[in-house]
Structures are given as C-alpha cells and as structure tokens.
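# Descriptive analysis of the structure
What follows is each chain in one-letter form.
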Amino acid sequence: MNSWGKFAAVAFGALVAVGMSGETASAKKASHKIDPITETYSNMTSAKMITPSQLKPSNTTTFDIILKPRNEGQMYSDALAVNTPGDSQFKQFLTQSDIRDKFGQPTSVTNDWKAYLQKRHLKVSAFKSGIVMTVKGKVKYIDKTFKVNINKATYHSNPLQFGKTKPNIPGRLSDKVYTVVGMTDHNKKYFYPDSNMQFDTKNETAAKTSTKGDSGYYKAGGASRFANRYHLNSLYSKGADGKGQTVGLITFGGVHRSNILHFWQHENANSNNSRFTVKNVQGDMFNQEYVSPNDDEATMDVEYAGAVAPQANIRMYESKNPLPNLQNMINAFSTAYQEAKVSSLSLSWGTGSDEYYSLLVNRGVVDPHYVNLFNILFAQGALQGISTFVASGDTGAPMYSMRGISGNRVLLDRKTNVSDPVNTNPFITAVGGTTLPFTHRVGSGGSISATKERAWGTDYYWDLLQNNPELLDKTPELLMVIGAGSGGGFGHLYTTPAYQQGAKGVNTFSARTYLSNLNQPIFDEPLITGTGYGRNYPDVSADADPLTGYNVYMKSKKGSGWSENGGTSVVGPQMAGATAVINSQADRQRMGFWNPQIYQLAQGTDSPFNPLNSTTDNSNLYYTGQPNTIYNQATGLGTINFDKLSQMYQ
C-alpha cells in the first residue's frame, strides 16, 4: 500500500506505508549534510532500522494465541465453495459461530484458557471463531507465566516456548495451540526499514499538491471520476446507493471526522455524522514514537469509500500502531469479521515482502507459519460472504526489498520475484492501478501523455527522459517519481488458486525491463515472454495514477486542505464502495468473495471486464499486457463495467 500521501517511516508494505508527517527523522538530518543526488541514491540503497520499544515489567502489552483450526483443508475448500456458482454450497455463508462449530475450538477450550490466564493476572478476549484469542497484561506476569524475558523472546519448536525454558502449561491447553503471535515483537531483532522509499503502497513523491480550494480542482477528480469511468452511475440512476450496507476499512492511522464530513458534503454524499463510526482494534504498539492520529491514507480511504457508496455506513477499524505487524493485522480483520457488520472490506496497508518475512523468521521473531495464518484469517471473511479488497502496491512489479543487513542498516534492492503475503493471498481480491488518458507538461523539457487507459507505470516518461538526458541530473527526486506504478506479478508463497487455473494469461506473461535497481530508466528493451507460477495478482484494476488521480481533503494550517493523491490504495475503498452499491439493490444477496465468480464471468461471453492487453505503452514497469488473453499481471482481468457486472453477477 497506496499512494499514501505521506512517506515517513515505511513499514514494509505494499504494502506498507506508514502515513505520518513528512520525511523520516533520518532523512531530515541527512538532507542538511548531503546534496540531493547523493541523498536520493542513498535512500534507494539503504535504510536505518526502526526497532521496537523496550518494555518494563510494569508496562502492559498484548499477544495472540492462535488455536489449532479443525479440518483446516476443508475450511479452505468451503471458503471457495460458498462463493462459486454451481456449487451445492453456493451462497450458504457462515457466521463466526458457524465457523467455530465447523473449524474452530469449542468454548470449553477458550474458557479453560481464560480461567488459567486470569489466575495469572492476564486477561483473555476470545474471538467467536474459536481460533484467535488476544491476551493482555503486564509484562511481569507474561514473563512469569511463559518463563521468558519478553524483550528477548524468540520462537522455538514448542509453540508456547519463547525463552530458554519451556513453560509449564497443562497439556489440555498447550495441545490446542497452533502458534502465538506478538510475543516476539519487542525483541530488537525485529525491525522495520526507516526509509523514504515505499515498500509497498504509499507514494508521496508521485502525488502533486494542489493549493486550490473548494471552488475548483487542479488536475485531480472526485469520486465521480471512478463512477463515470466504470459505469457505476447507471446503478445510481436505478436507485442503488449503498443504503443499508456497511463498508469496512482497516486502517493503521487515524482521521479527523471534520475532514471526512467536509469531503462527503462536497461530493454530495450523505454527510450525517452518525454515518461514520470507528472501532479501535486491540493490539500491540511496536514503537511508541510512531503514532498517527491524522493519517492521509486513512483519510483518503474513508472519504472515497463513503463517496462512491453515498448512502452506505462507513466503519473504520483502527489500529493505533501505524507499523502493521502480523498481530495487529490479524486482530484488525478478526475484529471486523467477528462484528459481521460489513459486507465489504478494504485494506491499503501490507506487511512486507516474503524476503523480509524470511529474514525475520531466521532471526526468530516471526512465526514460520505466517503464510498459513493469513490463509486461516482471510478464509474466514470468504466463508462469511465478505468482499475483501487489498491494494496491490505502488512500486510497480519491481518491489522494494532487501539484499542484506549491515550493522543497523538495511541494504535495499528492487526485485520482481518477491511479493507480499497479504495482497497475494488467494482469499482476497487484489486491486491494481491504471492511468487514464492525459497530457502533462514537464517544465520546459517537453510533455508526457497517455492516449488511452493503460496499466499504471511511469514509462510514459521514457521518451522525455531519452530526449532530455540531463533532466534526471537536474531533478534527482524524479527518480522516485518514475519508480511508481501498480503492483502485480506472481505471488510464489501460494499455489495458483483453482479460480485462476485455465484462465488465458494466468501463469504466462509478457514483460520488459524498464528500470535498474536504482530507478534508472532502461530504454528500448525487447519484449520477453515466459511462464510463471503461484498466485497471479492483481485481480482487477481502476484508475490509480496520481497524475490522473483524486482530490483528498485534509485540513492543514497551510493551504486549503485540498491535495491530489492516488495509488492502488484509493482503488480498494472504491471497489468496496461499489460492492456496497451493488449489494444495496432490491432482493440482492451480498456479492461475497469476488474471485471465484469474476474469473468465470471473464471467460464467458459479453464479459464485464475490459482487459488492457497492449504490449506497448501499457506496463507496470515490468509486466505488460498479453494479446488475446483475459488476464495479465499488470492489470489482472482489467477494468470493470459495474452496471454489466451487477447484472451478470449471481
């Protein structure tokens, strides 16, 4: 996730961006000492580590106990079955209590754990699914119960052991435990890269700030841009506006309500105060210095979900920790799924690349079963018929990743063969980005343009840069701008899901190398074709390029409060909003998890999807379209005609 309006410390993610204020502390200090060119390249090659706050015995913290799911394989099969037309279980969605009865542990197990830990001064909150329990208490009681120093905790083969000694916990309890998440979060071996580069979704430099007020937009548009372009207006004209539905948003930053209501009023959406509610998510604060009470990514998500679905309720699930680690991601989604208030849900943050996870696993601070944990988590939403959308990222196909560690610095790289386990999970719908037709003057050097809707990838700068080789030397910050694009490719952590198998274009690709690992443009590279494997992503796409993007209102001391923004993270909330609009039609069952059905529709006649298949002027900085296919890794199945989708979707 995300062109998030701000770069600050980036918690891996595309996902992960951390929307706080301006530059990171390390970048601010550096900017006074070195020239812009050196600083830009320095930011691309290494980053300081953000390490967790150390806890005192009297501090209170949390961790999660994950109980063993019963019939785990059946859980995954059923999650697809209830969303697949023609299956005998189609649309037989489950409640969280149903999930407990079929797949979770019974209340006798969670109550037994509650009683055991309560005697040791620890409080347990068990989610209804019977799979996740959150434990809260003072560090001194956690240390004593689990025979550990929580600031040095690491994983062992025993799922309840984190120190040198195995804790003496009765077998009737320990035998039901799959793993524990969050216990190791305050070990200094756990870290996030403190970088100006985005590691998944946010892209500050690609967004252009506007100084114009409510009377007129600069280049960006409002929610009507999405509605007009993708035929959502046809549904509005039929009376579908999201009324009676609730859209959920997972955020790792806060918002100011006044900004939200101002924007909705401006967009002619319902601006009633009661329409917007916030649920605080219980979780761990990784580092006390990183708190964001007013985050531009969260603000953009809420504003656009509520404008696209102008009468739907908007429910924000807010984690106070802007560095979205595994525990807080699990708790946020588990909270939303347990409440069962939302019919659609969107996430603009991620947690890091598989390479980053592997490093933390090797350091003993992340559970080796993390891939299974995401499957268990997101399958619950699919079983409940909740449409879950996740941004595919804003760095194009070549994600920022790591090539090693030197002292307290992370050595950075860009790679096309890494992926985030969140936005490639087979039980979510990954949303990518496009660029709309535009022409933009760049100083006195010339112009850039797109003549048709295309994959979001900044290779539309290449002719300009090739004809003006001095431009990057004069404006080195442009290197960060041209490094932006829609995430997409192959997620090798997962096998190719059944709904993608057989779709023409899945597990094949066309591509060009457009960038060096230092964001230097590479010109005139030949087209290559090949085969891939795993979870192909994204699934669908819509306008995300900040140059053809969206206005966001976030009142500040300087300027009007209006700014331009974009990124795949603005696509997810709008997809969730559009889902609420379709769900609000009379006598309509909720759409549920999209993917099993949309891949069927895309392979049929009169598809509601428009694949963007050109191999030229249509890349996400590596993958291009694939001629005569329905799928490509730059834009997935392509853009959507929502009017047609609503008529064809069962």
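Residues numbered from 1 in each chain as written. Predicted model: local features only at pLDDT ≥ 70, side-chain atom pairs only at ≥ 80, totals over all residues. Heavy atoms only, no water.

Looking up the chain in an unreviewed UniProt entry gives the name Pseudomonalisin, with the organism given as Lentilactobacillus sunkii. On record in UniProt, under Cofactor (unreviewed entry), the comment for the chain is "Ca(2+)". (UniProt positions renumbered as here; feature names shortened; annotations may be inferred.)

### Some thoughts on the sheet that holds strand β13 (residues 409-415)
Strand order in the open sheet formed by four strands is β6-β1-β13-β12, and the pairing between neighbours is antiparallel. Sheet topology places β6 (192-194) and β12 (399-406) at the edges, where each strand pairs with a single neighbour. On average, each strand axis in the sheet is inclined to that of its neighbour by 50°, with strand direction left out of account. Pairing geometry for β12 and β13, over seven bridges, is antiparallel. Its bridge partner lying in β13, Ser406 is registered against Arg409. Packed on one face of the sheet, helix α2 (residues 36-45) meets β1 (46-50), β12 and β13 and runs near 85° to β13. Those strands touched by helix α13 (residues 354-362) are β6, β12 and β13, and its axis lies near 30° from that of β12. (Pairing = 2+ DSSP bridges. Helix = DSSP H or I, 4+ residues; strand = E, 2+ residues; numbered from the N terminus. Axes fitted to C-alpha atoms, helices over the stretch in contact; angles between N-to-C directions. Contact = heavy atoms within 4.5 Å.)

### Focus: the pairing of β13
Bridge analysis of β1 against β13 gives three bridges, and the strand direction is antiparallel. Bridging from a neighbouring strand, Lys48 pairs with Arg409 of β13. Here β12 folds back onto β13 in antiparallel fashion, the turn holding two residues, of which Gly407 has a positive phi close to 60°.

### Notes on α2
The set of residues buried in α2 consists of Glu39, Thr40, Asn43 and Met44. Angularly, the buried residues of α2 cover 135° about the axis, an arc narrow enough to put them on a single face. (Buried < 20%, exposed > 50% of the residue type's maximum accessible area, 1.4 Å probe, protein only. Arc of directions from axis to C-beta.)

### Let's talk about helix α11 (residues 296-308)
Taking 1.5 Å of rise per residue, the 13 residues of α11 would be expected to cover 18 Å, and the 18 Å separating its terminal C-alpha atoms lies within 8% of that figure. For α11, the N-terminal capping position is held by Asp295, with its side-chain oxygen 3.1 Å away from the main-chain nitrogen of Glu297. (Expected span 1.5 Å × (residues − 1). Polar contact = N/O pair within 3.5 Å; in protein donor to acceptor, adjacent residues only side chain to side chain.)

### Quick notes on the confidence of the model for the chain
Overall, the prediction assigns the chain a mean pLDDT of 89, with 89% of residues at 70 or greater. This stretch, residues 1-32, has a pLDDT under 50; its non-local contacts, to residues over four places away or in other chains, come to 169 contacts. (pLDDT = per-residue confidence, 0-100.)

### Overview of the sheet that holds strand β5 (residues 177-181)
One open sheet holds the four strands; their spatial order is β3-β4-β2-β5, and the pairing between them is antiparallel. The sheet is open, and its two edges are formed by β3 (123-126) and β5, each paired on a single side. Mean inter-strand twist for the sheet, computed between neighbouring axes without regard to direction, equals 25°. Here strand β2 (residues 60-67) runs beside strand β4 (residues 132-138); their pairing, made up of seven bridges, is antiparallel. If you follow Thr61 over to β4, its bridge partner there is Gly137. Where helix α12 (residues 326-339) meets the sheet, it contacts β2, β3, β4 and β5, and its direction lies at approximately 70° from that of β2. Along the sheet, helix α14 (residues 370-383) contacts β2 and β5; its crossing angle with β5, the most-contacted strand, is approximately 100°.

### Brief notes about the nonpolar core
Counting 150 residues, the largest nonpolar core has Phe226, Phe374, Tyr461, Met575, Trp594, Phe642 and Leu645 as its most contacted members. The leading source of residues in this core is α14, at ten residues. When residues of this core are assigned to domains, at least three fall in each of domain 1 (60-181) and domain 2 (221-434 + 480-648). For Phe642, the residues in contact, after removing those within four places along its chain, are Phe226, Tyr230, His231, Leu232, Leu235, Met575, Ala578, Ile582 and Trp594. (Core = buried A, V, L, I, M, F, W, Y, C linked by side-chain atoms within 4.5 Å. Domains from an automatic or database assignment.)

### Describing the environment of Glu267
Among the structural elements, Glu267 can be located in the loop between α10 (257-266) and β8 (276-281). Look at Glu267 and you get buried, because its relative accessible area is 16%. With 43 residues separating them in the primary sequence, Glu267 and Ser224 have C-alpha atoms 8.2 Å apart. Looking at Glu267, its side chain comes within polar contact range of the main-chain nitrogen of Ala223, at 2.9 Å.

### What about a negative patch on the surface?
A surface patch of like charges, here negative, comprises Asp463, Asp524, Glu525 and Asp617. Inspection of the secondary structure puts Glu525 in the loop between β19 (508-511) and β20 (528-531). What makes Glu525 partly exposed here is its relative accessible area of 33%. (Patch = residues over 30% accessible without salt bridge, like charges linked within 9 Å, V, L, I, M, F, W, Y side chains within 5 Å. Areas by Shrake-Rupley, 256 points an atom, 1.4 Å probe, with all protein chains shown as cover. Salt bridge = Lys/Arg side-chain N within 4 Å of Asp/Glu carboxyl O. Lys, Arg positive; Asp, Glu negative; His and termini not counted. Charge placed at Lys NZ, Arg CZ, Asp CG, Glu CD.)

### Section: the packing of α12 against α14
Their axes nearest at 9 Å, the elements α12 and α14 cross at an angle of 15°. Looking at the two axes, α12 sits roughly parallel to α14. As for how α12 packs across α14, the hand of that crossing is left-handed. Where α12 approaches α14, its residues Leu326, Met329, Ile330, Phe333, Ser334 and Tyr337 are matched on the opposing element by Tyr370, Leu373, Phe374, Leu377, Phe378, Gln380 and Gly381. A class-by-class count of the residues in the contact of α12 with α14 yields ten nonpolar, three polar and no charged. (Parallel < 35°, antiparallel > 145°, perpendicular 65-115°, else oblique. Left-handed = near helix turned anticlockwise from the far one by under 90°. Nonpolar A, V, L, I, M, F, W, Y, C, P; charged D, E, K, R; others polar.)

### Quick notes on the packing of aromatic side chains
Two aromatic rings are characterised by how far apart their centres lie and by the angle between their planes. Throughout the structure, instances matching the rule amount to 32 aromatic pairs. Ring geometry for Phe191 versus Tyr356: centroids 5.8 Å apart, planes at 80°, classification edge-to-face. With Phe191 in the loop between β5 and β6 and Tyr356 in helix α13, this pair connects stretches of sequence that are 165 residues apart. Here Phe191 falls in the buried class, since its relative accessible area comes to 0%. Exposure remark for Tyr356: the relative accessible area of 2% places this residue in the buried category. Residues Phe389 and Trp594 carry aromatic rings whose centres are separated by 4.9 Å and whose planes lie at 90° to one another, so their mutual orientation is edge-to-face. Here Phe389, found in strand β11 (residues 387-391), pairs with Trp594, found in the loop between α18 (568-583) and α19 (595-602); they are 205 residues apart in sequence, far enough to count as distant. One exposure class covers both Phe389 and Trp594, and it is buried. (Phe/Tyr/Trp six-rings, centres within 6.5 Å; stacked < 30°, edge-to-face > 60°.)

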